[in-house]
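# Residue-level structure breakdown
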Amino acid sequence: MATVAQRAPLVCLCALIIYAVVDLKWVYGANVSYDHRSLIIDGQRKLLMSASIHYPRSVPAMWPDLIAKAKEGGIDVIDTYVFWNGHEPKEGTYYFEDRFDLVKFVKIAQQAGLYVNLRIGPFIAAEWIFGGIPIWLHYVPGTVFRTNNEPFKRYMEKFTTYIVDLMKHEKLFASQGGPIILSQIENEYGDMESNYGEGAKPYAMWAAKMALSQNIGVPWIMCQQYDAPDPVINTCNQFYCDQFTPNSYSKPKMWTENWPGWFKTFGSRNPHRPPEDIAFGVARFFQKGGTYQNYYMYHGGTNFARTAGGPFITTSYDYDAPIDEFGLLRQPKWGHLKELHEAIKLCDSALLYGEEKNLSLGPLQEANVYTGQGVCAAFLSNSDEEHDKDVIFQNKSYHLPAWSVSILPDCKNVAFNTAKIGVQTSIVEMQSIDMMSANSLLEEESNAAIHWETFKEKVGVWGNDVFTTNTLIDQINTTKDTTDYLWYTTSLQVDEKEPFFSNGLLPVLIVESRGHAMHLFINNEFIGSASGNGDDITFKYEKAIHLRAGKNDIVFLSMTVGLQNGGPHYDFVGAGISKVKLEGFRDGSINLSTNDWTYQIGLKGEQLNLYLESGVGNVQWEKAASPPKNRALTWYKARINAPPGNDPVALDMLSMGKGQAWLNGRMIGRYWPISSSPFAGCPSKCNYRGKFLPNKCSTDCGNPTQRWYHVPRSWFNPTDNLLVLFEDKGGDPTQIRFVKREAIKLCGLISEAHPPHLKYWRKTITNSIELENTARPTLNLQCPEGSQISSINFASFGNPQGACGAFEKGSCHGVQSSSIVQKDCIGCKSCSVTLSVEKFGEDPCPGASKSLAVEAYCS
Ligand code: GAL
């Protein structure tokens, strides 16, 4: 075997050649085609790892870093939907600035040397408002979404063409030298077809044909479209896609949505998918002939402003993704998948050009072996959900943990096992920020709170733009989603002879709503609230109420919490109060549904643009030493300095009720720290073994679904930032704080049962794969940007016990553990410690299997 030093010049030369090829593809254009095995780019079959990062769910200032982190994580392709309603807010008025600067986003991916999969849709679902389709299109007469409907098809074609032309103009398709190697039309329509009757099939086929007619020079895909016509590739979206086969032998097996976590809805738990299970799913997919895999999402980000769909999708779209909402690496998830990608890539020649053989190794154990042109790679899997298993493969014994895959790039040695996490865990937390330095108005005060001024929004009708009818009308058809808020106001004459004035039995108000939330005010007083949730958007509300003799004002503030983003005929799902009656009257019940209802759309503060610098002066704000608490319908404003430092920041809204927040005129989003039920079902420990479903490993039962709201750093000026809230329910603004998100601790645990670190694998000049004979499991620690390892809190070479964050020494412990780790790590941005007796100078328990556990702080 050649030594590393001997091989070095060759490695460099290869790198240069690869670089030149990479460069040329952007200049002259690449030919992208496919065969049954994979996409083929300029004649080369490709194994591709892809990452969904949605450009409007972060800010342009974050894009280069997110894309660089994806690349470092072993990603080849950036996948994004195109967000039609963000780009065409009014018919014929296009917007491609700021977070919607699609061209810039694609070019940043290109500059990073990555490919792009542009999923145009334009129906996208995505937990995005109205599934990405502009609301105005619903009101173009005769339009029905996602079926064989002329207006819908006409507008869909027009927008698709607009995007394709824009990309062509910027030379962004691979055929033109750009990074876009794939594009998607529609989204999971195959799963929806049975709801659309006769219009379904012709629409799906029309969509494919329309896409093909765009001549983009790269393949089109349709996900979950079982009968996608040639040459459109049908792809799989599921938690596992190893069993998927495309609809023709000539198409490669592609996985466009592998969900490495899940989204959240207000009032629900916090879902998590364990890294071992994600890795298992990915390894199984490539084991079974897969060739392209995309994490939906790799960075979920934030549903800024009112872009969240659902209804009830939270403002955070963190998704438990490998990069968290704030742009920090989620460890060990990100690192475990990075190692998985490296291990799979070590097998690429064998996988892409070898012959495949499937061997049974047991009832739930199998090997898939790929051999050819001097290379051999094998994947050994154990799909047993409970039991580890020792198997014999090519005369050698291998221990396969339950629900895991071992990857053998040379058919002999294990490079990676999906259930063995060898990378660091980072404990990332929200930390308080010293707001003294952040709040210019507070220099003389010892209290670090933000100094608020207030403006009270009127209950019910506030302006002239009102109308009255004797029916309860649909909210969405009325507001056309220009606002979350619609006032339903009526009045009732109550006779003093009504029995409840004497018998003490209060009348009962019964309200039904199609969704999504409402507050009730009687005679100008806040009485109560009700809402649906992510499982059922409708709700019923019953309340014993006090009425007075004479005229009573009954007022509802009905609220949407994000429009429907999918489902059968979702464009026709309504919202708002649908029935109102009163019981306990002399004549029985009173039906208020047919009363005269006066409607006012939105809030006065919205109309006056109170959240904009240009509108904030439109009202007289009240100043008080202490702002009102628990008061519904209150606008709060403050002037603040940017929080010091560079860490990502968020607003802690735990003390607030429900509302919306803006910084410098940009809407942060809806806030609503509503809690999930304490009994919703959160396991104390998450078992990665067995099929994952979104509810399997949830946390935060009984806690607010979303407490922290991301405010991008790039939205701040150094001083004098305008922070505005509209609180619709009532809360305590004095407790609102900016917090920063920081990795505070790192830890790692490896054992002799871990495969040697991947850095010991080499591709030789003949393209075969070798493992160096000095190879050992290695523990790697890396601090976040701008920090270094400042202390080692715990280190034990022996048999340490416990998990990350709570390690303890076991019966076997090398006395020099700490000093050796300290010597290698303190003062370094990153360090590697090999698990070996030589390294630790002595064997604390000869003959016993040993591990190494380390916990470190960065600063
Ligand atoms: C898929 C859909 C995506 C997203 C995902 C769940 O079915 O294609 O757009 O909604 O579910 O996050």
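Our subject is the structure that appears above.
Predicted model only: the values in this text are computed from it and were never measured.

## A short note on the sheet that holds strand β14 (residues 375–382)
On the basis of which strands lie adjacent, the open sheet formed by five strands has the order β12-β13-β14-β17-β18 and antiparallel pairing. One side of each edge strand has no neighbouring strand; the edge strands of this open sheet are β12 (355–362) and β18 (416–417). Direction of pairing for β12 relative to strand β13 (residues 365–372): antiparallel, over a ladder of seven bridges. Its bridge partner lying in β13, Glu356 is registered against Tyr370.

## As for unusual backbone geometry
Residues Gln331 and Pro332 are joined by a peptide bond in cis, for which omega reads 20°. Locating Pro332 in the fold gives a position in the loop between β11 (292–299) and α9 (333–346). In this structure, the amide linkage connecting Gly515 to the following residue, His516, adopts the cis form with an omega of 0°. Considering the arrangement of structural elements, one finds His516 in the loop between β23 (508–513) and β24 (517–522). Its identity as a non-glycine residue notwithstanding, Glu127 has a phi of 55°, on the positive side. The phi dihedral of Phe312 is positive, around 80°, even though this residue is not glycine.

## So, the environment of Lys253
Position of Lys253 relative to the elements: it lies in the loop between β9 (233–237) and β10 (254–258). By relative accessible area, Lys253 is classed as buried at 8%. C-alpha of Lys253 to C-alpha of Asp35: the two residues are 218 residues apart in sequence and 9.9 Å apart in space. Beyond its immediate sequence surroundings of up to four residues, Lys253 is in contact with His36, Cys241, Asp242, Phe244, Pro246, Phe285, Lys288, Gly289, Gly290, Thr291 and Tyr292. Here Phe244 takes part through its backbone oxygen, which lies 3.4 Å from a polar atom of the side chain of Lys253.

## Considerations on the environment of Leu212
Structurally, Leu212 can be placed in helix α7 (residues 200–212). A residue is classified by how much of its surface remains accessible, and Leu212, at 29% relative accessible area, is partly exposed. When the C-alpha atoms of Leu212 and Asp230 are compared, they prove to be 9.9 Å apart, with 18 residues separating the residues in sequence.

## Considering the sheet that holds strand β1 (residues 32–34)
The three strands are arranged β1-β2-β3 in an open sheet whose pairing can be described as antiparallel. Only two strands of the sheet have a single neighbouring strand rather than two, namely β1 and β3 (44–46). Taken pair by pair, the neighbouring strands of this sheet meet at an average axis angle of 40°, ignoring direction.

## Focus: helix α2 (residues 63–72)
When α2 is considered as a whole, its buried residues turn out to be Trp63, Leu66, Ile67, Lys69 and Ala70. Buried residues of α2, viewed axially, fall in a sector of 160°; they line one side. For α2, the elements touching its buried residues are β4 (48–53), β5 (77–81), α4 (102–111), β11 and α9. Gly74 sits one or two positions beyond α2 and adopts a positive phi of about 90°.

## So, the packing of aromatic side chains
For the structure on display, the rule yields 55 aromatic pairs. Pairing Phe152 with Tyr203 gives two aromatic rings, centres 6.1 Å apart and planes at 55°, and the pair type is tilted. Of this pair, Phe152 sits in helix α6 (residues 150–169) while Tyr203 sits in helix α7; the two residues are 51 residues apart in sequence, bridging distant segments of the chain. By the burial criterion, Phe152 is buried, and Tyr203 matches it. Their ring planes at 45° and their centres at 5.0 Å tell us that Phe304 and Trp715 sit as a pair that is tilted. Taken together, the residues span a long stretch of sequence, with Phe304 in the loop between β11 and α9 and Trp715 in the loop between β36 (708–711) and β37 (721–727) at a distance of 411 residues. Each member of the pair, Phe304 as well as Trp715, is classed as buried. Aromatic ring contacts, followed pair by pair, group Tyr81, Phe239, Trp259, Trp262, Phe263, Tyr296, Tyr317, Tyr319 and Phe692 into a single cluster. The lysine or arginine in question, Arg146, covers the ring of Phe123, its NZ or CZ lying 3.5 Å from the ring centre.

## Concerning the site of the ligand
Lining the immediate environment of the ligand, one finds 15 residues, of which Tyr81, Ala126, Glu127, Glu188 and Tyr319 sit closest. In the model, an oxygen atom of the ligand is placed 2.7 Å from a nitrogen or oxygen of the Tyr81 side chain. Contact distances for the ligand include 2.5 Å between an oxygen atom and a side-chain N or O atom of Tyr319. A total of 310 Å² of accessible area belongs to the ligand in isolation, and the protein chains cover 91% of it. For the shell around the ligand, the residue count by class is ten nonpolar, two polar and three charged.

The rules behind each value
- Residues numbered from 1 in each chain as written.
- Predicted model: local features only at pLDDT ≥ 70, side-chain atom pairs only at ≥ 80, totals over all residues.
- Heavy atoms only, no water.
- Pairing = 2+ DSSP bridges.
- Helix = DSSP H or I, 4+ residues; strand = E, 2+ residues; numbered from the N terminus.
- Buried < 20%, exposed > 50% of the residue type's maximum accessible area, 1.4 Å probe, protein only.
- Contact = heavy atoms within 4.5 Å.
- Polar contact = N/O pair within 3.5 Å; in protein donor to acceptor, adjacent residues only side chain to side chain.
- Axes fitted to C-alpha atoms, helices over the stretch in contact; angles between N-to-C directions.
- Arc of directions from axis to C-beta.
- Phe/Tyr/Trp six-rings, centres within 6.5 Å; stacked < 30°, edge-to-face > 60°.
- Lys NZ or Arg CZ within 6 Å of the ring centre and 35° of its normal.
- Near = heavy atom within 4 Å.
- Areas by Shrake-Rupley, 256 points an atom, 1.4 Å probe, with all protein chains shown as cover.
- Nonpolar A, V, L, I, M, F, W, Y, C, P; charged D, E, K, R; others polar.

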